[in-house]
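# Close look at the chain arrangement
What follows is the residue order along each chain.
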Amino acid sequence: MQNRVISLQIGKVKSYGDKKSSEFLEKYWESASFKEVVNDKVWAGKLGFKGDEVADRVHHGGAEKAIFANSYQNYEKWTEFLKVKHLSFGALAENLTVSGLHESNVCLGDIHKIGSALLQVSQPRKPCYKISKKHNNKKFTDEIYTSGLTGWYYRVLEEGFIQAGNDIQIVFSEEPKISILEANMAFAHPDEQRDTLDKILTISSIAPSYKTSILKRIDKTFSLDYMKVD
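Below is a summary of the structure that appears in this document. Please read all numbers here as calculations on a predicted model, not as lab measurements.

The rules behind each value
- Residues numbered from 1 in each chain as written.
- Predicted model: local features only at pLDDT ≥ 70, side-chain atom pairs only at ≥ 80, totals over all residues.
- Heavy atoms only, no water.
- Core = buried A, V, L, I, M, F, W, Y, C linked by side-chain atoms within 4.5 Å.
- Buried < 20%, exposed > 50% of the residue type's maximum accessible area, 1.4 Å probe, protein only.
- Helix = DSSP H or I, 4+ residues; strand = E, 2+ residues; numbered from the N terminus.
- Salt bridge = Lys/Arg side-chain N within 4 Å of Asp/Glu carboxyl O.
- Axes fitted to C-alpha atoms, helices over the stretch in contact; angles between N-to-C directions.
- Left-handed = near helix turned anticlockwise from the far one by under 90°.
- Contact = heavy atoms within 4.5 Å.
- Nonpolar A, V, L, I, M, F, W, Y, C, P; charged D, E, K, R; others polar.
- Phe/Tyr/Trp six-rings, centres within 6.5 Å; stacked < 30°, edge-to-face > 60°.
- Lys NZ or Arg CZ within 6 Å of the ring centre and 35° of its normal.

## Here we look at the nonpolar core
Formed by 43 residues in total, the largest nonpolar core has its most connected members in Leu-96 and Tyr-154. With five residues, the top contributor of residues to this core is helix 4 (residues 180-188). The next biggest cluster of nonpolar side chains, apart from the first, holds 10 residues, and it includes Tyr-75, Ala-91, Leu-92 and Phe-140.

In structure tokens form, the structure reads like this:
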């Protein structure tokens, strides 16, 4: 299957629920995860796509998490898990829904040419509780985390226009080659896969915050509370 952008999405921060409610679905929250498909080309700047917003700037957004990509290959699994007939593009809150690329073959540090932009894989995405809220399934965040099928973040090396239908060209792969899936499995099981974590730390292009999270994971001080679903 050809490496290609099959859909591009951007979203605005919106409020959901009731500040007075304690119920899971009704409890107040803010998110830009409900993204809309854009068919025209969109400018990819250093902080992400023009017009795309981020509600939680502590865990998402910024130059090292400028663009979030997810593999369309995962949609069948999530459709079955969520027990729905269909998932629309952007269901995982991703900016880019792609074919051909997957957590098993996208590696940390890979540089991809998409449209007129040049992007580099900076880190895996860490799923937060809001994806469970979005789909009204308390187990979804944990399922994404434990499966390792999280998607990945890009930093923008060269700004440019991207649109659905663009081919994705892999122009550079950094050594050691550690896939997003391998990195996620090692992060989830640090004692059993310490060697992989040590290799990740030698990759010069990984996001500084991701490097810090790995070091904390190794010394058992990293908190997974951001995934906690009340």
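Additional details are given in the paragraphs that follow.
## Remarks on the pattern of salt bridges
Counted by the stated rule, this structure contains seven salt bridges. The salt bridge partner of Lys-12 is Glu-53, with a shortest N-O separation of 3.9 Å. With Lys-12 in the loop between strand 1 (4-10) and strand 2 (14-16) and Glu-53 in the loop between strand 6 (48-49) and strand 7 (67-71), this residue pair connects regions lying 41 residues apart in the sequence. Accessibility expressed as a relative area gives 43% for Lys-12, which makes it partly exposed. The salt bridge involving Lys-35 is made with Asp-52; its shortest N-O contact spans 2.9 Å. With Lys-35 in the loop between strand 3 (29-31) and strand 4 (36-37) and Asp-52 in the loop between strand 6 and strand 7, the pair connects residues that are 17 residues apart, well separated along the chain.

## So, the packing of helix 1 (residues 75-82) against helix 3 (residues 140-147)
At a minimum axis distance of 12 Å, the contact between helix 1 and helix 3 shows a crossing angle of 145 degrees. The crossing of helix 1 and helix 3 is right-handed. Of the residues in helix 3, those in contact with Lys-77, Trp-78, Phe-81 and Leu-82 of helix 1 are Phe-140, Glu-143, Ile-144 and Ser-147. Its residues placed into classes, the contact of helix 1 with helix 3 shows five nonpolar, one polar and two charged.

## Some remarks on the packing of aromatic side chains
Counting across every chain of the model gives eight aromatic pairs. Judged by centre distance (6.3 Å) and plane angle (85 degrees), the rings of Trp-78 and Phe-81 are edge-to-face. Of this pair, Trp-78 and Phe-81 both sit in helix 1, separated by three residues, roughly a single helical turn. Among the residues examined, Phe-81 registers a relative accessible area of 22% and is labelled partly exposed. For the pair Phe-187 and Phe-222, a centre-to-centre distance of 5.1 Å together with 85 degrees between the ring planes defines the contact as edge-to-face. Of this pair, Phe-187 sits in helix 4 while Phe-222 is found in the segment after helix 6 (208-218), placing the two residues 35 residues apart along the sequence. We classify Phe-187 as buried; its relative accessible area is 5%. Aromatic ring contacts, followed pair by pair, group Tyr-72, Tyr-75 and Phe-89 into a single cluster. Note that Lys-41 overlies the ring of Phe-161, its terminal NZ or CZ placed 4.7 Å from the centroid. Geometry around Phe-187 places Arg-217 over its ring, the cationic atom sitting 5.3 Å from the centre.

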